[in-house]
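Okay, here's what each chain looks like letter by letter:
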Amino acid sequence: MKILPKKCARVAEGLHVWISNHFYYSDFGIHDMEGRRFDGRRYVMTGTPGTGFIEHDSESHSYHAFVRACVAEQKPSYLRMLMGREPSFDNAIAAANKAMADCSEPYKKDLLEHYANALTVARSAEYTERVIRGIKDKMGHKHDQYMSGVLGYYKNRLRHMRHDMTSVVWHVREHCSAETYQAYCEAVEAFSQVASCRRIWYYDRSAKQSFVQMFFGVGVFDFIHSEVYLPYMCTPDGTHYYLLPDIAIVARSNTDFDVVPLKTLTVVCQEMAIEEVNESMVGFMGTAASMIKIPEFDLNFYFNHLHPVVRFVEAVDKLKATL
């Protein structure tokens, strides 16, 4: 159990620095983020390490408030650290190992194995990031040749870990044909336009407020690598639905998820006629132009645009045709 916010540690011969005990949020293990920082697309980690989303351009004030709330949770908090509410690699690795031991489905077990291996590398990298931060804090603005050398050593070590990470993660491109991957990239591009819709609502017939605003996007799940990231949809209960070339992942947590073959799913787009937007819908939604239904998951999403939704459903049908 962590009690103090910092600890004194020896990082080199004759050099001791104060290292933060707070979890260090970073984009380690998230591919190509170095090349994407210039365009302002932030990676925002959510929950357990290895899962998060890429911030996208949006005119929605609600979306920006949602992103700000996620980023605010990453600020160091002594109370969160003391109560064990900050992310923990030890807990994540233990949960992944337990899930592997209880899993008999080959596809899911393969994902969990890669996730556990990636967590091991990421744990070392996260500690190295905190050591680097501690050395920089001790150096301040003064130049110290010895500390600069030690800092360079840890930075070089971190670069090696980034290379190691690419060898242990689950790569999407390696698990499908070239034709399927090309169709998948097109589906992701179409989905990104859907995610940029100003308003997206989820219909929950069992809730008092049936229409709840949700946010779609592209991101990462369990360090799975895809050059175009993974499209995801979510529901108010915290369940995330990730789209991969041949499967959909229904994730309740990083280790509690189902793998569903994409060919077994029906993704239907429906244009909303004016008479269908009844009084109760207007009260929560304004004007809905279209909806997506996935009967197998009992999902109903409504959108204030039509054409991006139609293009996405067509892209999914094209993707399924390659399987």
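Residues numbered from 1 in each chain as written. Predicted model: local features only at pLDDT ≥ 70, side-chain atom pairs only at ≥ 80, totals over all residues. Heavy atoms only, no water.

A. Spotlight on the sheet that holds strand β13 (residues 290–294). With antiparallel pairing, five strands are arranged side by side in an open sheet as β6-β5-β14-β13-β12. One side of each edge strand has no neighbouring strand; the edge strands of this open sheet are β6 (211–213) and β12 (268–271). Neighbouring strand axes in the sheet, compared pairwise and without regard to direction, differ in orientation by 25° on average. For strand β5 (residues 200–203) and β6, the ladder comprises three bridges, and the chain directions are antiparallel. Residue pairing across strands places tyrosine 202 opposite valine 212, the latter belonging to β6. Relative to β13, helix α9 (residues 307–321) is tilted by about 30°, and along the sheet it contacts β12, β13 and β14 (299–303). (Pairing = 2+ DSSP bridges. Helix = DSSP H or I, 4+ residues; strand = E, 2+ residues; numbered from the N terminus. Axes fitted to C-alpha atoms, helices over the stretch in contact; angles between N-to-C directions. Contact = heavy atoms within 4.5 Å.)

B. Just unusual backbone geometry, in detail. Backbone geometry at aspartate 222 places phi at a positive 55°, although glycine is not the residue there. Mapping aspartate 222 onto the fold places it in the loop between β7 (217–220) and β8 (230–234). When its relative accessible area of 5% is taken as the criterion, aspartate 222 is described as buried. If you check the backbone angles, phenylalanine 223 has positive phi at about 60° while not being a glycine. Tracing the sequence through the fold places phenylalanine 223 in the loop between β7 and β8. (Buried < 20%, exposed > 50% of the residue type's maximum accessible area, 1.4 Å probe, protein only.)

C. Spotlight on the side chain of threonine 128. Note on placement: threonine 128 falls in helix α5 (residues 106–139). Since its relative accessible area comes to 2%, threonine 128 is described here as buried. Ignoring sequence-local partners within four residues, the contact set of threonine 128 consists of Tyr154, Arg157, Leu158 and Met161.

D. Just the packing of helix α4 (residues 89–102) against α5, in detail. Packing of α4 against α5 brings their axes to within 9 Å, and their N-to-C directions diverge by 160°. Relative to α5, the element α4 is oriented roughly antiparallel. As α4 runs across α5, the sense of the crossing is left-handed. Residues Phe89, Asp90, Ala92, Ile93, Ala96, Asn97, Ala99 and Met100 of α4 form the contact with α5, whose participating residues are Lys109, Leu112, Glu113, Tyr115, Ala116, Leu119, Thr120, Ala122, Arg123 and Glu126. The residue inventory of the contact of α4 with α5, partitioned by class, reads 11 nonpolar, two polar and five charged. (Parallel < 35°, antiparallel > 145°, perpendicular 65-115°, else oblique. Left-handed = near helix turned anticlockwise from the far one by under 90°. Nonpolar A, V, L, I, M, F, W, Y, C, P; charged D, E, K, R; others polar.)

E. Focus on α5. Helix length check: α5, at 34 residues, gives a terminal C-alpha distance of 50 Å against a target of 50 Å (1.5 Å per residue), a fit within 8%. Backbone nitrogen of tyrosine 107 and a side-chain oxygen of the N-cap are separated by 3.3 Å at the start of α5; the cap is glutamate 105. Just past α5, the residue glycine 140 takes up positive phi, approximately 60°. (Expected span 1.5 Å × (residues − 1). Polar contact = N/O pair within 3.5 Å; in protein donor to acceptor, adjacent residues only side chain to side chain.)

F. Layout of the pairing of strand β2 (residues 15–20). In β2, alternate side chains face the same way, and those of Leu15, Val17 and Ile19 are buried while those of His16, Trp18 and Ser20 on the opposite face are not. As paired strands, strand β1 (residues 6–12) and β2 are joined by six bridges and run antiparallel to one another. Within the sheet, the bridge partner assigned to lysine 7 lies in β2 and is isoleucine 19. Counting the residues that bridge the hairpin from β1 to β2 gives two residues, and of these glycine 14 lies at a positive phi of roughly 75°.

G. Spatial organisation of the packing of aromatic side chains. Tallied over the full model, the rule gives 22 aromatic pairs. Where tyrosine 153 meets tyrosine 154, the ring centres are 5.1 Å apart and the plane angle is 75°; that geometry is what we call edge-to-face. For tyrosine 153, a relative accessible area of 48% gives the class partly exposed. The class for tyrosine 154 is buried, based on a relative accessible area of 9%. Between phenylalanine 221 and phenylalanine 257, the aromatic rings sit 5.4 Å apart at their centres with planes inclined by 90°, giving edge-to-face as the arrangement. (Phe/Tyr/Trp six-rings, centres within 6.5 Å; stacked < 30°, edge-to-face > 60°.)

These figures capture arrangement, not role.
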